[in-house]
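These are the residues of each chain, in order.
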Amino acid sequence: MATERALALCADLGATATWFCLGDQARRHPELLRRIAAGGHAIALHGLTHRRAFEMDRAAWRDSVRDGKALLEDLSGQAVVGHRAPEWSLRGPAADWWRDLPELGFRYDSSRVPLAVIGDPGFPRRPHLLTEGLWELPPPVLWSGPVRMPLWGWGPRVLPFSLVRRALESLAQEDAGTPLVLHPWELDADQPRLPGLSLGHRFTHSAGLRGYGGRLRNLLEGFRLTSLEAWLASR
């Protein structure tokens, strides 16, 4: 199981992670969620389902966030203070919905990406306060000009090892607080291929999967890896 591999990777690296979880999956697998929490990891909300925020109206989105948070807290026994919308979807008509998150009990968001298509290159690249009591923690990107690449997902899977490692070292020296995003399915090179995906989705989901677990272990070896909650507590 991909989640088991991700837990094992965290244990090997001595990493404490933030796990952005879906409420409906946690309801289906409550013991797995409790195992994640019992391992010292933080639980954050990825959504009640994987429906993108801008596909709902604002009231329905608020309800789903409220209900997803309550469900994860009930099942895990810990406070949930972080949010990341599915597919970075606090954009388009949902671009300012982050304003509702403090009222809903969140201390940080990680839904605004400084990249085109799935975000906005004009977004700040480092953690910053959106409003009093609410941080935005954007995922890291490589390079600062018009040509940028994600330093997560397919980026580290296909870019030269030395280039990615240097970028990670730079972030560590800054104590930048940027989330190093890993989807557990990225550790499963033999996962079934889903039908009907666009060419872009097929690339981002399959490029560089073979052997990525070992590559990622080597990329992250020697870094102090903590949860986003722990980083915020140190501010």
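Being a predicted model, the structure only gives us computed values, none of them experimental.

Rules and cut-offs
- Residues numbered from 1 in each chain as written.
- Predicted model: local features only at pLDDT ≥ 70, side-chain atom pairs only at ≥ 80, totals over all residues.
- Heavy atoms only, no water.
- Axes fitted to C-alpha atoms, helices over the stretch in contact; angles between N-to-C directions.
- Helix = DSSP H or I, 4+ residues; strand = E, 2+ residues; numbered from the N terminus.
- Parallel < 35°, antiparallel > 145°, perpendicular 65-115°, else oblique.
- Left-handed = near helix turned anticlockwise from the far one by under 90°.
- Contact = heavy atoms within 4.5 Å.
- Salt bridge = Lys/Arg side-chain N within 4 Å of Asp/Glu carboxyl O.
- Core = buried A, V, L, I, M, F, W, Y, C linked by side-chain atoms within 4.5 Å.
- Buried < 20%, exposed > 50% of the residue type's maximum accessible area, 1.4 Å probe, protein only.
- Expected span 1.5 Å × (residues − 1).
- Arc of directions from axis to C-beta.
- Polar contact = N/O pair within 3.5 Å; in protein donor to acceptor, adjacent residues only side chain to side chain.
- Phe/Tyr/Trp six-rings, centres within 6.5 Å; stacked < 30°, edge-to-face > 60°.

Chemist: Which residues make up the packing of helix α6 (residues 161–174) against helix α8 (residues 212–220), and what values do they have?
Modeler: Pairs of packed helices are described in terms of their axes, by the angle between the two and the distance that separates them. It is at 9 Å that the axes of α6 and α8 come closest, and there the two elements cross at 40°. Between α6 and α8, the angle is such that the two are oblique. In the crossing of α6 with α8, the sense of the turn from one axis to the other is right-handed. Contacts from Phe161, Val164, Arg165 and Leu168 in α6 reach Arg215, Asn218, Leu219 and Leu220 in α8.

Chemist: Tell me about the pattern of salt bridges, residues and numbers included.
Modeler: This structure, assessed with the given rule, holds 18 salt bridges. Linked through salt bridges whose partners overlap, the residues forming this network are Arg58, Arg62, Asp96, Asp100 and Glu103.

Chemist: Got a sec to walk through the nonpolar core? Specific residues and values, please.
Modeler: Nonpolar side chains tend to gather and get buried jointly when the protein is soluble and globular. Residues Trp19, Ile43, Trp61, Leu72, Leu90 and Leu168 are the most contacted members of the largest nonpolar core, which totals 49 residues. Counting residues per element, the ones that place at least two in this core are α1 (2–13), β1 (18–22), α3 (30–38), β2 (42–47), α4 (58–76), α6 and α8. Once residues lying within four places of it in the same chain are set aside, the contact partners of Leu90 are Ala53, Trp61, His83, Ala85, Ala95, Trp97, Trp98, Asp109, Ser111 and Arg112. In terms of nonpolar packing, the next biggest core, distinct from the first, is built from 7 residues, Val81, Tyr108, Leu137 and Trp231 among them.

Chemist: Before we move on, could you go through α1 and cite the residues and values that matter?
Modeler: In this model α1 runs 17 Å from its N-terminal to its C-terminal C-alpha over 12 residues, within 8% of the 16 Å that 1.5 Å per residue would give. Turning to α1, its buried residues number three or more, namely Ala2, Thr3, Ala6, Leu7, Leu9, Cys10 and Leu13. Looking straight down α1, one finds that the buried residues subtend no more than 155° of arc, so they occupy a single side. Of the residues in α1, the exposed ones pointing more than 90 degrees away from the buried face are Ala11 and Asp12. Residues of α1 that are buried sit in contact with β1, α3 and α8. At the C-terminal side of α1, Gly14 shows a positive phi close to 65°.

Chemist: Summarise α4; cite the residues concerned and give the values.
Modeler: Along its 19 residues, α4 runs 27 Å from first to last C-alpha, staying within 8% of the 27 Å computed at 1.5 Å per residue. Among the residues of α4, Trp61, Ser64, Val65, Gly68, Lys69, Leu71, Leu72, Leu75 and Ser76 are the ones counted as buried. All buried residues of α4 project into a common sector of 165° when viewed along the axis, lining one side. Buried residues along α4 sit in contact with β1, α2 (23–28), α3, β2 and β3 (82–83). For α4, the N-terminal capping position is held by Asp57, with its side-chain oxygen 3.2 Å away from the main-chain nitrogen of Ala59. Phi for Gly77, located one or two positions after α4, is positive at around 75°.

Chemist: Requested: an account of unusual backbone geometry, with residues and values cited.
Modeler: Phi angles above zero are rare outside glycine, and Trp88 is one such case at about 55°. Looking at the element boundaries, Trp88 is found in the loop between β3 and β4 (108–109). A positive phi angle, close to 50°, is found at Asp175, a residue other than glycine. Mapped onto the secondary structure, Asp175 falls in the loop between α6 and α7 (199–206).

Chemist: Describe the packing of aromatic side chains, and please don't skip the residues or the numbers.
Modeler: Overall, the coordinates contain 4 aromatic pairs when judged by the stated rule. Ring geometry for Phe20 against Tyr108: centres 6.4 Å apart, planes inclined by 85°, an arrangement best described as edge-to-face. Taken together, the positions of Phe20 in strand β1 and Tyr108 in strand β4 put the pair 88 residues apart, joining distant regions of the chain. The class for Tyr108 is buried, based on a relative accessible area of 0%. For the ring pair Trp135 and Trp231, a centre distance of 5.7 Å and an interplane angle of 90° mean the geometry is edge-to-face.

Structural measurements only, silent on function.
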